[in-house]
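A look at the structure
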Amino acid sequence: QNRLDNRASSCHLASAVTSTDIDFTGIMADAEHIRGWGLDVAFNGHKARLQVDTGAGGLSVSRSVAEHAGLKSVAKSQTSGVGDKGAQSGYTAYADSIKIGGLEFRNCAVEVSDRNSVVGTDGLIGMDVFSSFLVTLDFPWHKLTLSPLPPYPGTTEAPASLNTEQASQSDAKEASADTAA
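Cut-offs and rules
Residues numbered from 1 in each chain as written. Predicted model: local features only at pLDDT ≥ 70, side-chain atom pairs only at ≥ 80, totals over all residues. Heavy atoms only, no water. Helix = DSSP H or I, 4+ residues; strand = E, 2+ residues; numbered from the N terminus. Buried < 20%, exposed > 50% of the residue type's maximum accessible area, 1.4 Å probe, protein only. Contact = heavy atoms within 4.5 Å. Areas by Shrake-Rupley, 256 points an atom, 1.4 Å probe, with all protein chains shown as cover. Pairing = 2+ DSSP bridges. Phe/Tyr/Trp six-rings, centres within 6.5 Å; stacked < 30°, edge-to-face > 60°. Salt bridge = Lys/Arg side-chain N within 4 Å of Asp/Glu carboxyl O. Polar contact = N/O pair within 3.5 Å; in protein donor to acceptor, adjacent residues only side chain to side chain. Axes fitted to C-alpha atoms, helices over the stretch in contact; angles between N-to-C directions.

**Notes on the overall build of the chain**
- Secondary structure assignment for the chain yields three helices and twelve strands.
- Scored against the burial criterion, the 181 residues of the chain give a buried share of 35%.
- Sequence-distant contacts, at least 24 apart, represent 56% of the contacts inside the chain between residues at least 6 apart.
- With the model as given, the accessible surface of the chain reaches about 10,500 Å², and the carbon-plus-sulfur share is 50%.

Structure follows, in structure tokens:
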């Protein structure tokens, strides 16, 4: 099946991790000043340091990171809201494997900038990547803590994910398949 046809449900957590701590790494402005916090991320086994951006969604990487990891373009794209440079051209690619700490994700979309850096870094990671977990950003201890999601109010079951946009797209596809049958 074509990855573009199945993109809403293709990215999945392949490791059986229910909670973990992942160390933050300082992204330096100069030899003495930290300008942000990042996570070490391996795309198809090739390491990059992505800046944590709570306002970003998904994974965005520079062209050089994508080339080293062998990420191939599947669709042209334009990204806006990154830095102050206006719309930036790039493409969407898929990574067979993305490792972050003890987590491994498989078959995930990655936005690639045509530039050799994304706001001066290898890229950005949005917190929605961890939507299947309760996320705690612990800056004093330089770590990101992932825990199981709490149950919905009035139930004993935790949601599989809080990514409601993805769930609604999946529900719509199932509904249209049911009516076509």
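Back to the write-up after that little detour.
**So, unusual backbone geometry**
- At Asn44, a position not held by glycine, the phi torsion is positive, near 50°.
- Note that Asn44 resides in the loop between strand S4 (34-43) and strand S5 (46-52).
- The partly exposed category is assigned to Asn44, whose relative accessible area is 24%.
- The phi dihedral of His142 falls on the positive side, at around 55°, and the residue is not glycine.

**Re the pairing of strand S11 (residues 133-138)**
- As paired elements, S11 and strand S12 (residues 143-148) share six bridges and run antiparallel to each other. Bridge pairing links Leu137 to Leu144 in S12.

**Section: the packing of aromatic side chains**
- Counting across every chain of the model gives two aromatic pairs.
- Judged by centre distance (6.2 Å) and plane angle (40°), the rings of Phe24 and Trp37 are tilted. Placement of Phe24 in the loop between strand S2 (20-23) and strand S3 (25-28) and of Trp37 in strand S4 is noted, with a sequence separation of 13 residues between them. Judged on exposure class, the residue Phe24 and its partner Trp37 are both buried.

**Looking at the pattern of salt bridges**
- Tallied over the entire structure, the rule returns four salt bridges.
- Between Arg63 and Glu67 there is a salt bridge, with the nearest N and O atoms lying 3.8 Å from each other. Taken together, the residues span about one helical turn, with Arg63 and Glu67 both in helix H2 (residues 63-69) at a distance of four residues.
- Taking relative accessible area as the criterion, Glu67 reaches 55% and is therefore assigned exposed.
- Here Arg106 ties to Glu104 by a salt bridge, and the two come within 2.9 Å at their closest N and O atoms.

**Focus: the environment of Ser89**
- With respect to the helices, strands and loops of the structure, Ser89 is situated in strand S8 (residues 88-100).
- For Ser89, a relative accessible area of 36% gives the class partly exposed.
- In this structure the side chain of Ser89 is engaged in a polar contact, spanning 2.7 Å, whose partner is the side chain of Asp114.

**With respect to the pairing of S2**
- Only one face of S2 is buried: it carries Thr20 and Ile22, and the other face, with Asp21 and Asp23, is open.
- Sheet analysis places S2 next to S12, joined by four bridges and oriented antiparallel. When the bridges of S12 are listed, Asp21 appears paired with Thr145.

**Overview of the sheet that holds S12**
- The three strands are arranged S2-S12-S11 in an open sheet whose pairing can be described as antiparallel. The sheet is open, and its two borders are formed by S2 and S11, each paired with just one other strand. In this sheet, adjacent strand axes meet at a mean angle of 20° when their direction is disregarded.

**Description of the environment of Phe130**
- Note on placement: Phe130 falls in the loop between strand S10 (123-125) and S11.
- It is 9.6 Å that separates the C-alpha atoms of Phe130 and Leu13, two residues lying 117 residues apart in sequence.
- Residues within four places of Phe130 in sequence aside, it is in contact with Leu39, Ile100, Leu103, Ile125, Val135, Leu144 and Leu146.

**Brief notes about the environment of Pro150**
- Relative to the elements of secondary structure, Pro150 occurs in the loop between S12 and helix H3 (164-180).
- Accessibility expressed as a relative area gives 46% for Pro150, which makes it partly exposed.
- Spatially, the C-alpha atom of Pro150 lies 7.7 Å from that of Leu134, the residues being 16 residues apart in sequence.

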